Amino acid sequence: MILTCPQCATRYEADAAKFPAQGRNVRCAKCSHVWHQAGPDADGAVPEPEAFVPPPPTPETAPDPEPEDQSETQVPDEQPRRAAYVAPRDAEEIADADVATPANKSFSWGLVFGWVGLAAIVAIIAAAAVNYREQVAALWPRSATAYSAVGAHVNARGIAFAGVTYKRENQDGQAVLAVTGKLVNVSTKELPVPEIRVVLMDEARHELYHWDFAATVPTLKPGQEVPFLTRLSSPPPKARHLQVRFANGSG
């Protein structure tokens, strides 16, 4: 037989054999409401209990004792049994919640892994762009402007200066400035070697004098190095700084 709590409308399945014709008291496992449930009639139908109307409060009034031949039965709070008789609307909401919880968790983890993977790819690309900026600039000269904007020096020509040094010498009683260094092809293809320019500057880095000279080889293969040496007689006495670059201003 099916019992319905008149207080919260929760439905339960109960054994009809436990309810005599005169009925007995039962307690709702959900809201703890107690009501008198009549037993099934000859046709097996269970009369619906009357709606619960709480009596007005009476101070210091003890409840009437129940007859000894009637016992109070608490309907067990069994989740599978109650779930079988939940209203259709509640059943739909529970089903949606059960399905939505795992799906949301899976989606959240997928989103996290997606962002982590994207961050790793961006980090790898950024590291490659920094470590191989000379090769990138050689293949795409316009990238040199972007590197300069972030403070990263790059030689778009593909040929770099290395180990540049200078010293003052005295030859036949005349002062001579000797400048040495190496040219290195940092690209992946053979490149022509342009003329080299040496610029002398004063304390405020204003240009005092410059001269150009040619390298000892016309081209450099990938990774090839070639030394250079140039001398200037009677350099300006106010020269304090020296700069080596290519004659056309790049590098």
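Note that the structure is predicted; figures quoted are calculated from it, not measured.

### Examining unusual backbone geometry
Glycine aside, residues mostly have negative phi angles, and peptide bonds mostly take the trans form.
Step number 1: The residue Ala9 is not glycine, and still its phi comes out positive at about 65 degrees.
Step number 2: Positionally, Ala9 belongs in the loop between strand S1 (2-4) and strand S2 (11-13).
Step number 3: One non-glycine residue, Ser32, adopts positive backbone phi at about 65 degrees.

### Describing the environment of Gln224
Step number 1: Looking at where Gln224 falls in the secondary structure, it is placed in the loop between strand S11 (219-220) and strand S12 (225-233).
Step number 2: Counting along the chain gives 41 residues from Gln224 to Leu183, while the straight-line C-alpha distance between them is 8.2 Å.
Step number 3: In this structure the side chain of Gln224 is engaged in a polar contact, spanning 2.8 Å, whose partner is the backbone nitrogen of Lys221.

### What about the confidence of the model for the protein chain?
Step number 1: Model confidence for the protein chain is summarised by a mean pLDDT of 75, while 61% of its residues fall at 70 or above.
Step number 2: Here residues 61-73 is a poorly scored stretch, pLDDT under 50, and it has 12 contacts once near neighbours within four places are set aside; other chains count.
Step number 3: A low-confidence stretch, residues 78-105 (pLDDT under 50), is modelled with 9 contacts involving residues beyond four sequence positions or located in other chains.

### Some remarks on the sheet that holds strand S6 (residues 159-171)
Step number 1: Reading across from one edge, S6-S7-S12 is the order of the 3 strands in this open sheet, with antiparallel pairing throughout. The open sheet is flanked by S6 and S12, the only strands paired with a single partner. This sheet shows a mean twist of 15 degrees between the axes of neighbouring strands, independent of strand direction.
Step number 2: Here strand S7 (residues 174-185) runs beside S12; their pairing, made up of 9 bridges, is antiparallel. Looking at S12, one finds that Leu183 is bridged to Val226.

### Concerning the sheet that holds strand S10 (residues 207-213)
Step number 1: Read from one edge of the open sheet, 3 strands run S10-S9-S13, paired in antiparallel fashion. The open sheet has two edge strands with one neighbour each: S10 and strand S13 (241-246). Direction aside, neighbouring strands of the sheet carry axes that sit 20 degrees apart on average.
Step number 2: Two strands pair when backbone bridges link them, and strand S9 (residues 196-201) and S13 are joined in this way by 6 bridges, in the antiparallel orientation. Bridging across to S13, Ile196 finds its partner in Phe246.

### Focus on the nonpolar core
General note: in soluble globular proteins, nonpolar side chains tend to be found buried as a group.
Step number 1: Ranked by size, the top nonpolar core spans 19 residues in total, and within it Ile159, Leu183, Ile196 and Trp211 carry the most contacts.
Step number 2: Those elements that place two or more of their residues in this core are S7, S9, S10, S12 and S13.
Step number 3: With near-sequence residues (within four places) excluded, Trp211 lies in contact with Leu177, Val179, Ile196, Arg197, Val198, Leu200, Thr230, Arg231 and Leu232.
Step number 4: Counting residues in hydrophobic clusters, the runner-up holds 10 residues, among them Met1, Val26, Ala29 and Trp35.

### Looking at the pairing of S10
Step number 1: Two elements, S9 and S10, share 6 bridges in a ladder whose sense is antiparallel. Looking across to S10, one finds that Ile196 is bridged to Phe213.

### Digging into the environment of Val198
Step number 1: Inspection of the secondary structure assignment puts Val198 in strand S9.
Step number 2: For the pair Val198 and Asp212, spaced 14 residues apart in sequence, the C-alpha separation works out to 6.4 Å.
Step number 3: Not counting residues within four places of it along the chain, the set of residues in contact with Val198 comprises Val179, Tyr209, His210, Trp211, Phe213, Thr230, Leu242, Gln243 and Val244.

### Considerations on the packing of aromatic side chains
Step number 1: If you walk through the whole model with that rule in mind, you get 4 aromatic pairs.
Step number 2: Here the aromatic rings of Phe161 and Phe228 are separated by 6.1 Å at their centres, their planes lie at 85 degrees, and the arrangement is edge-to-face. Residue Phe161 is located in strand S6, and its partner Phe228 is located in strand S12; the two are separated by 67 residues in the primary sequence.
Step number 3: The class for Phe161 is partly exposed, based on a relative accessible area of 22%.
Step number 4: Relative accessible area serves as the criterion here: at 5%, Phe228 is assigned to the buried category.

### Remarks on the environment of Ile2
Step number 1: Along the polypeptide, Ile2 turns up in strand S1.
Step number 2: Judged by its relative accessible area of 29%, Ile2 falls in the partly exposed class.
Step number 3: On a C-alpha basis, the gap between Ile2 and Tyr12 in space is 5.6 Å, while along the polypeptide they are 10 residues apart.

Calculation rules
- Residues numbered from 1 in each chain as written.
- Predicted model: local features only at pLDDT ≥ 70, side-chain atom pairs only at ≥ 80, totals over all residues.
- Heavy atoms only, no water.
- Helix = DSSP H or I, 4+ residues; strand = E, 2+ residues; numbered from the N terminus.
- Polar contact = N/O pair within 3.5 Å; in protein donor to acceptor, adjacent residues only side chain to side chain.
- pLDDT = per-residue confidence, 0-100.
- Contact = heavy atoms within 4.5 Å.
- Pairing = 2+ DSSP bridges.
- Axes fitted to C-alpha atoms, helices over the stretch in contact; angles between N-to-C directions.
- Core = buried A, V, L, I, M, F, W, Y, C linked by side-chain atoms within 4.5 Å.
- Buried < 20%, exposed > 50% of the residue type's maximum accessible area, 1.4 Å probe, protein only.
- Phe/Tyr/Trp six-rings, centres within 6.5 Å; stacked < 30°, edge-to-face > 60°.

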